[in-house]
Amino acid sequence: MITAAVVAVLLLLGMQAHAAPLSATSALSQLRQLRDSSPDRVISLDDAQFAKFGRSVGREFSLIVFLTAHQMSERPQLKLGDLRKEFGYAAQALLAGPDPDAAFFAEMVFEDSPKVFHALGANQVPFIFRVDPAFKVSMQSMVIPKTDRMNIDTVRAKYPWTAEVIVEFFSTPRAGRQQLQFGQVDRPSFLKSPWFPYVAAGAVAGAIGLVYLLWRTIARHPAFWAVGAVGVFWFSVSGGMYNIIRGMPLFLKDKQGKMQLFTGSRSGQLGAEGFIVGSGYVLFSLSVALLTHGMPHVKNSVIRGSLSYILVALAGFLAVQIWQVYTSKTGYKVSSYLLDADF
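From a predicted model like this one, the values you see are computed outputs, not experimental measurements. Counting restarts for each chain: residues are numbered from 1 in the order of the written sequence. A pLDDT threshold of at least 70 governs which residues receive local features in this predicted model, and a stricter bar of 80 or more applies before side-chain atom pairs are shown or counted, although totals over entire chains, interfaces and linings include all residues. The basis for the side-chain values is all heavy atoms of the structure; hydrogens and waters are excluded.

(A) Region of the structure containing the overall build of the protein chain. Summing up its helical and strand segments, the protein chain has twelve helices and seven strands in all. In summary, the protein chain has a C-alpha radius of gyration of 33 Å against a globular reference of 20 Å for 343 residues, an excess of more than 25%. Along the three orthogonal principal directions, the C-alpha set of the protein chain runs to about 120 × 60 × 45 Å. Approximately 22,100 Å² of the protein chain is accessible, and the part contributed by carbon and sulfur atoms is 65%. In this tally, Asp and Glu contribute negative charge and Lys and Arg positive charge; neither His nor the terminal groups of the chain are included. All charge positions are set by atom: Lys at NZ, Arg at CZ, Asp at CG, Glu at CD. Counting 32 positive and 23 negative side-chain charges, the protein chain places the centres of these two groups 7 Å from one another. Only DSSP runs of H or I reaching four residues or more are called helices, and only runs of E reaching two or more are called strands; each is numbered from the N terminus. It is over C-alpha atoms that the radius of gyration is taken, and the globule rule equals 2.2 Å times the number of residues to the power 0.38. Computed with the Shrake-Rupley method and a 1.4 Å probe, the accessible areas treat only the protein chains shown as cover for residues.

Put into structure tokens, the structure is as follows:
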């Protein structure tokens, strides 16, 4: 009888201890350990951990959470991998600030944390939100203010958002919200490597040697400059500078996911469209040049005649194709003044 009573008391005390909320000091200590063990300082949380840290007594820190899903990570158009990397850079920028414990960056996956997704009503990713110290965490329903929620509807910056965009969004002063101070976003770069000066010096020395070698051999041959001139001509007639200045993509994809090289619009062109038409100009010009300057040097009359007919047919075919593209872009029609004239 006494033994049963003692066991019941111990079980009750254990349940009360388990249900007791975590103190802010203990929460900070555990979060620091989790953050230090993460390579990019982003903590992985599940439903239970989120509730435990979010409901800690006297919480004075924020939680900035990145929501993702394994089933969505396979979609390349979402670029969740790139966004997740930028999220890690933002987390490291907070550590470089004056108060690194003011917030903790965390990641939650739908497959491991469905309750949080349902409580937030998060039915799409990307979704990044902040739990301010004054916000009451509930696993039943949570309404995150727009000022603390990053998704397609609340962020106007180009997607995928960079670490600078994330830092600016959560560091902007808001009424009644904890102020976060971030440090400089530090991106890994080979330029910061101690090997960079040696590699740069070797590259410069190699480039000088290559230029000298070319000048002593190939650069003195007329064919080298002829190929260079053709390359410049191809780049110019392809609209290369237009593509660079306007930032035109090489190609687009339609609703079925098929590659689209030509646009129906008359106000612009894609990169591939310009290069294809430019290549047509180059081939047409080379055909005419070979016909007028190369064929007279062929001594065999049969070969000279056959090649001449081939070059004429190729030039004619290219001229028709180029003109069709030109008329589709401008709306002009072919008009033969000789055939249409009245005699």
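(B) View of the nonpolar core. Throughout, nonpolar core names a set of buried Ala, Val, Leu, Ile, Met, Phe, Trp, Tyr and Cys residues whose side chains join them through atoms within 4.5 Å. Buried means the residue's accessible area, taken with a 1.4 Å probe over protein chains only, is under 20% of the maximum for its type, while exposed means over 50%, and partly exposed covers the values in between. With 28 residues, the main nonpolar core has F50, L63, V65, L67, L120 and F129 as its most contacted residues. Of all the secondary structure elements, the ones that give two or more residues to this core are α2 (24-36), α3 (47-54), β2 (62-68), β3 (103-109), α5 (114-120) and β4 (127-131). Per-element accounting of this core gives the leading share, four residues, to α5. Only heavy atoms enter the contact rule, under which two residues are in contact if any of them lie within 4.5 Å. Setting aside residues up to four positions removed in sequence, L67 forms contacts with M108, F117, L120, A122, V125, F127 and F129.

(C) Spatial organisation of the side chain of T68. Looking at the element boundaries, T68 is found in strand β2. Judged by relative accessible area, which is 8%, T68 ranks as buried.

(D) Examining the packing of aromatic side chains more closely. Geometry of aromatic contacts follows a simple scheme: Phe, Tyr and Trp rings, the Trp one being its six-membered ring, pair when their centres are within 6.5 Å, and the pair is stacked under 30 degrees between planes, edge-to-face over 60, tilted otherwise. Counted by the stated rule, this structure contains 13 aromatic pairs. Ring geometry for W323 versus Y326: centroids 5.2 Å apart, planes at 35 degrees, classification tilted. Of this pair, W323 and Y326 both sit in helix α11 (residues 301-330), three residues apart, roughly one helical turn. Each member of the aromatic cluster is reached from another via a ring pair, and the members are F66, F87, F105 and F182. We call a charge positioned above a ring when the Lys NZ or Arg CZ atom is no farther than 6 Å from the ring centre and deviates by at most 35 degrees from the ring normal. Sitting over the ring of F61, R59 keeps its end group 5.9 Å from the ring centre. A cation over an aromatic ring shows up here: R174 above the ring of F169, its NZ or CZ 6.0 Å from the ring centre.

(E) Representation of the packing of helix α8 (residues 222-237) against helix α10 (residues 271-294). To define axes, lines are fitted to C-alpha atoms, for helices over the stretch in contact only, and angles between the resulting N-to-C directions are given on a 0 to 180 degree scale. The contact between α8 and α10 brings their axes to 8 Å, and the two run at 135 degrees. In this view, α8 runs oblique relative to α10, as classed from their interaxial angle. Considering the relative orientation of α8 and α10, their crossing is right-handed. Residues V230, F233, W234 and V237 of α8 form the contact with α10, whose own contacting residues are F275, G278, S279, Y281, V282 and S285. Under the scheme applied, nonpolar residues are Ala, Val, Leu, Ile, Met, Phe, Trp, Tyr, Cys and Pro; charged residues are Asp, Glu, Lys and Arg; polar residues are all the others, including Gly. Residue composition of the contact of α8 with α10, grouped by class: seven nonpolar, three polar and no charged. Any angle that falls under 35 degrees is termed roughly parallel, while one over 145 is termed roughly antiparallel, one within 65 to 115 roughly perpendicular, and all others oblique. Left-handed describes a crossing in which the near helix is turned anticlockwise from the far one by less than a right angle; the clockwise case is right-handed.

(F) Fine view of the side chain of D148. Tracing the backbone through its elements, the reader meets D148 in the loop between β4 and β5 (149-150). Classification of D148 as buried rests on a relative accessible area of 7%.

(G) Local environment of the environment of V143. Summarising the element assignment, V143 is placed in the loop between β4 and β5. Accessibility expressed as a relative area gives 67% for V143, which makes it exposed. With 98 residues separating them along the chain, V143 and M241 place their C-alpha atoms 49 Å apart.

(H) Up close: the pattern of salt bridges. Salt bridge, as used here, is a side-chain nitrogen of Lys or Arg placed within 4 Å of a carboxyl oxygen of Asp or Glu. With the rule as written, the count across this model stands at seven salt bridges. The shortest N-O distance in the salt bridge between R35 and D101 comes to 2.9 Å. Pair noted here: R35 is in helix α2 and D101 is in the loop between α4 (80-95) and β3, with a separation of 66 residues, a long-range link. For the pair shown, R35 and D101 are each scored as buried. Of the charged contacts, one joins D132 and R130 as a salt bridge, the two residues approaching to 3.2 Å between their closest N and O atoms.

(I) Broad picture of the packing of α10 against α11. Closest axis-to-axis distance for the α10/α11 pair is 9 Å, and the angle between their directions is 150 degrees. As summarised for this structure, α10 and α11 are arranged roughly antiparallel, according to the angle between their axes. Of the two elements, α10 crosses α11, and the hand of that crossing is left-handed. Facing E273, V277, G280, Y281, L283, F284, S287, V288, L290 and L291 of α10, the residues of α11 in contact are S308, L311, V312, L314, A315, L318, A319, I322, V325 and K329. Of the residues assigned to the contact of α10 with α11, the class counts are 15 nonpolar, three polar and two charged.

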